[in-house]
Amino acid sequence: MSQRNQTLGEFIIENQASFKYTSGELSRLINSIRLAAKVVNHEVNKAGLVDILGAAGDTNIQGEDQQKLDVYANEKFIQTMTNRNIVCGIASEEEDDFITINSQDENHQNKYVVLIDPLDGSSNIDVNVSVGTIFSVFRRVTPVGSPVQMEDFLQKGINQVAAGYIIYGTSTMLVYTTGDGVNGFTLNPAIGSYYLSHPNMQFPEDGRIYSVNEGNYIHFPQGIKDYIKYCQKEEGDRPYTSRYIGSLVSDFHRNMIKGGIYMYPKSSKASNGKLRLLYECNPMAFLAEQANGKASDGFNRILEIEPTELHQRVPFICGSKNMVEKAEEFMRNSQ
Ligand code: P6P
């Protein structure tokens with residue numbers, strides 16, 4: 001039972017017992033993410049004021065220009081989790097390979113690995129549109145006490161023990177799950193505390209919002225084209241409303257509250273779509289399913305996909321259950 005004005009810290013303590021691995025390490029991990037999010041939020045909120053905008057000059061493994069805030073956010077999340085000595089390894093969109101933590105220390109006793117997109121939607125920073133951080137947490141599968149291995153990161157999404165995002169929007173929110181529902185906490189920047197503002201978040205089973213970059217329409221598979229035309233057809237509660245921010249976290253968050261579907265399908269330009277399985281699709285799919293929603297690649301459950309590489313991309317359809325199932329129906333019928 002959530003109390004009024006409960007802080008994130010109080011919520012974690014109250015619910016720690018319900019988490020099957022009650023070592024407290026996961027709680028400390030969520031706390032480290034909470035701290036890093038406050039630090040990044042401070043920089044994101046003043047990005048327009050100081051010369052922190054613009055590409056850092058480098059490009060990441062995706063070949064995308066790294067905005068300075070991408071680099072900053074990546075460093076802050078890695079630094080916070082490293083300093084708290086909680087995880088044995090970290091993988092990031094901004095890092096070519098995974099990072100082994102405690103490599104100098106022979107006792108790799110920490111049990112968790114974290115995969116993170118430190119600042120998703122960062123191309124929106126220069127135009128003051130909301131962006132987000134996405135994180136995914138697994139228990140390692142290789143022996144505790146040995147250096148972390150790639151297989152600790154290449155786990156199916158069903159094995160996640162926690163996942164969530166921070167949305168740096170009109171307000172800053174931390175939304176996460178440890179497998180017992182989804183809860184949203186809003187930051188009060190005046191005092192630096194997060195308050196439980198959205199307990200037990202759920203996708204409405206139906207919605208009237210579809211989110212897709214229709215500029216790619218001619219490149220989409222026929223099934224997606226057919227579904228988009230279905231959304232636009234005058235019939236019943238349609239046409240639906242098209243809303244696409246260009247920031248996955250923002251589109252997902254709005255659709256979870258109002259009901260809707262987000263699609264980044266494969267296309268003739270991107271044979272596996274654009275979104276990365278391990279640190280975008282898996283965590284958002286875990287959240288979606290925990291919130292009574294659904295997430296697939298158009299045919300298969302995202303959380304059942306067997307990863308093969310750290311930065312692999314998959315087609316992504318996610319949101320209100322009935323909308324996702326309708327899109328899947330069009331995909332099947334078009335085959
Ligand atoms: P496009 C941001 O780069 C991102 O990964 C998601 O946050 C967003 O939904 C998508 O890509 C936008 O991609 O190709 O439509 O600009």
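For the structure itself, look to the data block above.
All residue numbers refer to positions counted from 1 along the written sequence of the respective chain. Restriction of local features to residues with pLDDT of at least 70 applies here, the model being predicted, together with a cutoff of 80 or more for giving and counting side-chain atom pairs; totals for whole chains, interfaces and linings are based on all residues. The basis for every side-chain value is the complete set of heavy atoms in the structure, and neither hydrogens nor water enter the calculation.

Draft legend 1. Representation of the packing of helix α2 (residues 25-45) against helix α3 (residues 68-83). Helix axes are fitted only over the stretch in contact, all axes being lines through C-alpha atoms; the angle between N-to-C directions runs from 0 to 180 degrees. Each helix is a run of H or I in the DSSP string that is no shorter than four residues. Each strand is a run of E no shorter than two, and both are numbered from the N terminus. Interhelical geometry of α2 versus α3 gives an angle of 155° and a closest axis separation of 9 Å. On the basis of the axis angle, α2 is roughly antiparallel to α3. Seen along the crossing, α2 lies across α3 with a hand that is right-handed. Note on element contacts: α3 touches α2 through Leu 69, Tyr 72, Ala 73, Lys 76, Phe 77, Thr 80 and Met 81, opposite Leu 29, Ser 32, Ile 33, Leu 35, Ala 36, Ala 37, Val 39, Val 40, Glu 43 and Val 44. Counted by class, the contact of α2 with α3 contains 13 nonpolar, 2 polar and 2 charged residues. For classification purposes, an angle smaller than 35 degrees is called roughly parallel, one larger than 145 roughly antiparallel, one from 65 to 115 roughly perpendicular, and anything else oblique. With the far helix as reference, a near helix turned anticlockwise by less than a right angle produces a left-handed crossing, and one turned clockwise produces a right-handed crossing. A contact between two residues is defined here by any heavy atoms of the two lying within 4.5 Å. Residues are sorted three ways: Asp, Glu, Lys and Arg are charged, Ala, Val, Leu, Ile, Met, Phe, Trp, Tyr, Cys and Pro are nonpolar, and all the rest, Gly among them, are polar.

Draft legend 2. A look at the site of the ligand. Taken together, the residues surrounding the ligand are Asp 120, Gly 121, Asn 213, Tyr 244, Gly 246, Ser 247, Leu 248, Tyr 262, Tyr 264, Lys 274, Leu 275 and Glu 280. One of the side-chain N or O atoms of Asp 120 is found 2.5 Å from an oxygen atom in the ligand. Within the contact set of the ligand, an oxygen atom lies 2.9 Å away from a side-chain nitrogen or oxygen of Asn 213. To be clear on the numbers: accessible area is Shrake-Rupley with a 1.4 Å probe, and residue cover counts the displayed protein chains and nothing else. In isolation the ligand exposes 400 Å². Once the protein is present, 82% of that is buried. Here the shell around the ligand is built from residues that sort into 5 nonpolar, 4 polar and 3 charged. Residues are classed as near a molecule or strand on a simple rule: at least one heavy atom within 4 Å of it. Here a polar contact is taken to be a pair of N or O atoms separated by no more than 3.5 Å, where protein atoms must pair a possible hydrogen donor with a possible acceptor and residues adjacent in sequence count only if both atoms sit in side chains.

Draft legend 3. Structural view of the sheet that holds strand β14 (residues 293-296). Note on pairing: two strands pair once DSSP finds at least 2 bridges between them. Spatially, β12-β11-β13-β15-β14 is the arrangement adopted by the 5 strands of the open sheet, whose pairing is mixed. Since the sheet does not close on itself, it has two edges, and those belong to β12 (241-242) and β14, each with one partner. Bridge count for strand β11 (residues 209-211) against β12 is 2 bridges, and the pairing is parallel. Bridged to Ile 209 within β12 is Thr 241. Running at roughly 150° to strand β13 (residues 261-264), helix α4 (residues 222-232) makes contact with β11, β13 and β15 (316-320) of the sheet. Relative to β15, helix α6 (residues 277-290) is tilted by about 20°, and along the sheet it contacts β14 and β15.

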